[in-house]
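# Close look at the chain arrangement
Each chain is listed here by its residues.
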Amino acid sequence: MPTSPSISAIAFPVRRVPLDPLDRMGPSDRFAHDRLSPAQRDWLAALPMQVRPAPSILAFHARPDHDEKYLTENIVDGGLVRAPVATIARRLKNLDPAVRLLLAGHSHRPELVELPGGPIVFNPGSVGCPAYYDPTEPAHRSEQGSPHARYGIVDADGESFSFQAIAVGYDHEAASRRAAEAGRVEWEEGLRTGFIAGSA
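Residues numbered from 1 in each chain as written. Predicted model: local features only at pLDDT ≥ 70, side-chain atom pairs only at ≥ 80, totals over all residues. Heavy atoms only, no water.

## Here we look at the overall build of the protein
When helices and strands are counted, the protein shows six helices and 11 strands. Taking all 200 residues of the protein together, 34% fall into the buried category. Pairs at least 24 apart in sequence give 52% of the contacts found in the protein among residues at least 6 apart. Accessible surface, the protein as shown: approximately 11100 Å² in total, 56% of it carbon and sulfur. (Helix = DSSP H or I, 4+ residues; strand = E, 2+ residues; numbered from the N terminus. Buried < 20%, exposed > 50% of the residue type's maximum accessible area, 1.4 Å probe, protein only. Contact = heavy atoms within 4.5 Å. Areas by Shrake-Rupley, 256 points an atom, 1.4 Å probe, with all protein chains shown as cover.)

Given below as structure tokens:
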């Protein structure tokens with residue numbers, strides 16, 4: 001993970017990536033754990049669960065109060081679909097009213113949702129995992145629908161925000177082959193196509 005010293009050196013605000021304890025790790029966490037040094041794991045564990053880069057902006061992984069529950073999605077028939085606005089608002093009932101923009105992830109699916117009266121939720125998608133299957137009950141799949149690496153740019157002008165959701169082509173076939181070579185056959189198809197077929 002060569003980026004960790006670079007990020008820490010410039011004091012770039014980042015939040016902690018959750019890793020389960022070793023005895024409860026799934027294959028993805030274990031794959032990452034085994035490729036990080038103890039110092040890199042300590043650096044990750046010391047990062048905050050939330051980052052507030054401005055008074056009106058809050059960044060986190062899944063929800064402000066939970067690292068593994070979806071914010072803007074529900075699980076329906078083995079897949080992720082956008083949750084009703086009322087459900088998303090209920091999941092944010094304890095949010096500081098000063099927060100007008102939420103930067104989220106977890107689902108790996110691009111989403112831009114503006115709740116009535118605010119806030120706005122922006123999830124740019126995933127840079128390196130465009131589709132996955134989660135066997136945790138209820139088992140489900142997440143699919144971006146293409147193999148592109150995705151990220152987002154937010155321009156803030158006071159209380160006004162504009163968004164760019166960017167999808168970048170890269171040698172996803174090589175990434176897919178590398179996943180297979182590393183024994184991650186469940187990622188092979190997702191990296192190649194952005195879909196997971198027949199998993200849920």
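## Some details on the confidence of the model for the protein
When the pLDDT values of the protein are averaged, the result is 88; 88% of them are 70 or greater. Throughout residues 6–11 the model reports pLDDT below 50, and contacts reaching past four residues in sequence, or to other chains, amount to four contacts. (pLDDT = per-residue confidence, 0-100.)

## A look at unusual backbone geometry
The peptide bond linking Gly-118 to Pro-119 adopts the cis configuration, its omega dihedral lying at 0 degrees. One can find Pro-119 in the loop between β6 (111–114) and β7 (120–123). Cis geometry marks the peptide bond from Glu-137 to Pro-138, where omega comes out at -5 degrees. Residue position: Pro-138 is located in the loop between β8 (131–134) and β9 (140–143). With a phi angle near 75 degrees, His-106 is a residue other than glycine that sits in the positive phi range. Of note in this structure, His-108 is not a glycine but carries a positive phi near 65 degrees.

## Regarding the side chain of Arg-109
Assignment of secondary structure puts Arg-109 in the loop between β5 (101–103) and β6. The buried category is assigned to Arg-109, whose relative accessible area is 17%. Within polar-contact distance, the side chain of Arg-109 engages the backbone oxygen of Leu-80 at 3.3 Å. Sequence-distant contacts of Arg-109, that is, excluding residues within four places in its chain, are made with Glu-73, Leu-80, Val-81, Arg-82, Asn-123, Gly-125, Ser-142, Glu-143 and Gln-144. (Polar contact = N/O pair within 3.5 Å; in protein donor to acceptor, adjacent residues only side chain to side chain.)

## Overview of the packing of aromatic side chains
Taken as a whole and assessed by the stated rule, the structure comprises two aromatic pairs. Ring geometry for Phe-31 versus Trp-187: centroids 6.4 Å apart, planes at 55 degrees, classification tilted. Of this pair, Phe-31 sits in helix α2 (residues 27–33) while Trp-187 sits in helix α6 (residues 185–193); the two residues are 156 residues apart in sequence, bridging distant segments of the chain. Overall, the relative accessible area of 22% leaves Phe-31 in the partly exposed class. (Phe/Tyr/Trp six-rings, centres within 6.5 Å; stacked < 30°, edge-to-face > 60°.)

## Quick word on the environment of Glu-68
By the secondary structure assignment, Glu-68 is in the loop between β2 (57–59) and β3 (73–76). Between the C-alpha atoms of Glu-68 and His-106, which are 38 residues apart in sequence, the distance is 7.2 Å.

## A few points about the nonpolar core
Within the largest apolar cluster, 13 residues are counted, with the highest numbers of intra-cluster contacts made by Leu-71, Ile-88, Leu-92 and Leu-102. Leu-101, Ile-120, Phe-122 and Phe-161 belong to the second-largest nonpolar core, a separate cluster that totals five residues. (Core = buried A, V, L, I, M, F, W, Y, C linked by side-chain atoms within 4.5 Å.)

## Observations concerning empty space enclosed by the protein
Overall, the coordinates contain one cavity of 30 Å³ or more when judged by the stated rule. Size it by volume and the largest cavity reaches roughly 50 Å³. Taken together, Ala-62, Lys-69, Tyr-70, Leu-71, Thr-72, Glu-73, Ala-104, Gly-105, His-106, Ser-107, Val-121 and Asn-123 make up the lining of the largest cavity. A breakdown of the residues in the lining of the largest cavity according to their chemical character gives five nonpolar, five polar and two charged. (1 Å grid on protein atoms, 1.4 Å probe; cavity = no way out; pocket = protein on both sides within 12 Å on 5 of 7 lines; lining within 4 Å. Points joined across faces, edges and corners; volume = space filled by probe spheres on them. Nonpolar A, V, L, I, M, F, W, Y, C, P; charged D, E, K, R; others polar.)

## Details of the pairing of strand β4 (residues 79–82)
Two elements, β3 and β4, share four bridges in a ladder whose sense is antiparallel. In the sheet register, Asn-74 faces β4, and the bridge partner there is Val-81. Once β3 ends, the chain turns through two residues before running back antiparallel as β4, passing Asp-77 with a positive phi of about 50 degrees. (Pairing = 2+ DSSP bridges.)

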